[in-house]
Amino acid sequence: MKRNTRLIHNKAGSPGRRTVNPPIERASTVILPDRKALYSRKPGYGRMGLSVQRELEVALCELEGASDAHLTPSGLSACAVAVASVVKAGDKVLISDSIYGPSRRFCERRLARMGVGCERFDPRKIQALEARLSDDVAAIFLESPGSLTFEISDTPAIVAMAKARDIRTIMDNTWSAGVFCQPLSMGVDLSVQALTKYVVGHADAFGGAITVKDKAIAKEVAELTDDWGISLGPEEAYAALRGTRTLITRLKQHETSALQIATWLDQQETVSQVIHPALPSHPDHALWSRDFSGSSGLFAFLVEAETDAEIDAFIDGLELFKLGFSWGGYESLIIPCDEQLTRLPEDWTQSRTGRLMRVHVGLEDADDLIEDLHRGFDALDRKKILDL
Ligand SMILES: Cc1ncc(COP(=O)(O)O)c(C=O)c1O
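Residues numbered from 1 in each chain as written. Predicted model: local features only at pLDDT ≥ 70, side-chain atom pairs only at ≥ 80, totals over all residues. Heavy atoms only, no water.

## Structural notes on helix α3 (residues 51-64)
Going by this rule: To qualify as a helix, a DSSP run of H or I must reach at least 4 residues; to qualify as a strand, a run of E must reach at least 2; elements of each kind are numbered from the N terminus. Working rule for helices: expected span equals 1.5 Å times residues minus one. Think of it in three bands: residues with accessible area under 20% of the maximum for their type are buried, residues over 50% are exposed, and the middle band is partly exposed, with areas taken using a 1.4 Å probe on protein chains only. Pairs of residues are marked as contacts when any of their non-hydrogen atoms sit within 4.5 Å.
Taking 1.5 Å per residue, 14 residues should reach 20 Å; α3 reaches 20 Å between its end C-alpha atoms and fits that length. Taken as a whole, α3 has its buried residues at Val 52, Gln 53, Leu 56, Glu 57, Ala 59, Leu 60, Cys 61, Leu 63 and Glu 64. Here the buried face of α3 lies against β1 (68-72), β6 (190-194), β7 (208-212) and α9 (234-266). In the stretch just after α3, Gly 65 is the one whose phi turns positive, near 65 degrees.

Given below as C-alpha cells:
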C-alpha cells in the first residue's frame, strides 16, 4: 500500500473509550457499510447534521419542552424558516410591531415576493389584533419581550384567538433563552431562538433553532429546511451544545446582576425610565409575572440627553460596557437604539422623554458595572455643563 493511500486509510481506533462531549464530525460524506444503509440510514449525509447536532436538538427539546428541534445557521434564519414553513402564496402574516428588525424585514420584503402579505400590530392592543384576524391570516409572529422596547405580549390570549381560527403562532423566545419562558406550554406552535445569544453565550458563533411539539408542524419545518438546504455546521452546533450545559447557571447570574443594575438606574436623576419587565413599574409587569419564571440580562432605559454629542460623552465615559451589536455573551454591552426604531406612529416612542439605550448585562461583577455607569453619567453631566 502506497503512503498516500495509507495516509487516507490509517485511522487510530479507541475501543472502550468515550469522551464527555460528542466528537465534532466535520463531514459532508458519511461512509456507510452497505448499499441498503446508503439509502436508508439517517443521517446519511453531513448536511442533515451528525452527533453534535443530534445532541444539541435533544438539549433544546429538553429546554423548550418540545418534541422536535430544527437547527439553522443563525437566529434570523430560524425566524425566517419558522414563518416561511407555515405560509403559502395568498396568505397573510401578522407581526408584532416590536419583533427584531431583520425578522420584520423578512416578513415585509421577502414574503411579499412570495405572494404572502404582512401587517404589523401593536403588541399591547390585542383587541385590535383580534379584529384583524381575517380568513387569509395564516400566522401571527410574536416576540416577547419585544426587541428594544420590551413589551410583553398576552401570549395565552393571542394563542386562544389564533387557535379558534386555525392560525399558527410563532414566538421569538431568544430573550428568555428557553430558561424563563416556555412558549410551547402556552400553546404557541413554533418557538424560535437565536442560539447566537444566550445559548452560545460567548459571542463567538451563530446559530438558530425552531422547536415544536406538534408532529405535523415539525414535518412542515423539516420539509422547508430540506428544500432550502438549511442546516447548522458542526463547529457552531458544538459551541451551542456546550453553552446549553451552563445556560441556566449563567442566566441566573445575568438575571441577578441586571436586576441590581436596573434598580440602581431607576434611582438616577439622568434616567427618565427603566424598561425592564421584572420591575413593577413596567407596564406589562403583571403579564411577565404570570408567563415568565425569571428575567435575563437585556433591558433598556431612557437617558436624559439631548444631543448625539451628549450620548457620545456618556458612552466614551464607560470602560466595561462595550459598544456593539448582539447580546447574550459574558461581556456587558450597550447601544443607543433610536437609530433603529421604526415603529407604528401611535407608539409610545412619540411620548417618551430621553434617548433609548439598550443594555446587556454580562457576567462581570455588578458593583463594577454600576461604577462604570457612574463614570458614564459623570461624563454626560460634564458635557451638559460644558454645553451650557
Ligand atoms: C430577538 C432576536 N431574534 C433574532 C435575532 C437574530 O439572531 P442572529 O444574529 O443569530 O441572526 C436577534 C439578533 O440580535 C435578536 O435580538
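After that view, the rundown keeps rolling.
## Some remarks on the packing of aromatic side chains
To be explicit about the condition: Only rings of Phe, Tyr and Trp enter the pairing, Trp through its six-membered ring, and a pair is recorded when the two centres are within 6.5 Å. The plane angle decides the type: under 30 degrees is stacked, over 60 is edge-to-face, the rest tilted.
Scanning the entire structure with this criterion turns up six aromatic pairs. Ring centres of Trp 264 and Phe 377 lie 6.1 Å apart, and the angle between their planes is 35 degrees; on these two criteria the pair is classed as tilted. Linking Trp 264 in helix α9 with Phe 377 in helix α12 (residues 366-387), this pair joins segments that are 113 residues apart in sequence. Comparing Trp 264 with Phe 377 shows no difference in burial state: the two are buried. Through successive ring pairs, a cluster of aromatic residues spans Trp 264, Phe 301, Phe 314 and Phe 377.

## Description of the packing of helix α4 (residues 75-84) against helix α5 (residues 101-113)
In plain terms, the rule: Interaxial angles span 0 to 180 degrees and are taken between N-to-C directions of axes, which are lines fitted to C-alpha atoms, for helices over the stretch in contact. Relative orientations are named as follows: roughly parallel for angles under 35 degrees, roughly antiparallel for angles over 145 degrees, roughly perpendicular for angles from 65 to 115 degrees, and oblique for any other angle. By convention, the crossing between two helices is left-handed when the near helix turns anticlockwise from the far helix through less than a right angle, and right-handed when the turn is clockwise. Note on residue categories: nonpolar means Ala, Val, Leu, Ile, Met, Phe, Trp, Tyr, Cys or Pro, charged means Asp, Glu, Lys or Arg, and polar means any other residue, Gly included.
It is the contact of α4 with α5, at a shortest axis distance of 9 Å, that shows an interaxial angle of 45 degrees. Looking at the two axes, α4 sits oblique to α5. Where α4 crosses over α5, the two elements pack in a sense that is right-handed. Along its contact with α4, which presents Leu 76, Cys 79, Ala 80, Val 83 and Ala 84, the element α5 presents Pro 102, Ser 103, Arg 105, Phe 106, Cys 107 and Leu 111. Of the residues contributing to the contact of α4 with α5, the split by class is nine nonpolar, one polar and one charged.

## As for the sheet that holds strand β2 (residues 92-96)
To keep it simple, the criterion reads: Pairing between strands is defined by DSSP: at least two bridges between the two strands are required.
If you walk across this open sheet you meet the seven strands as β1-β7-β6-β5-β4-β2-β3, and the pairing is mixed. Either end of the sheet is taken by a strand with one partner, and the two such strands are β1 and β3 (117-121). In this sheet, adjacent strand axes meet at a mean angle of 20 degrees when their direction is disregarded. The pairing of β2 with β3 spans five bridges and is parallel. Bridging from a neighbouring strand, Ser 96 pairs with Phe 121 of β3.

Interpretation in functional terms is not warranted from these geometric data alone.
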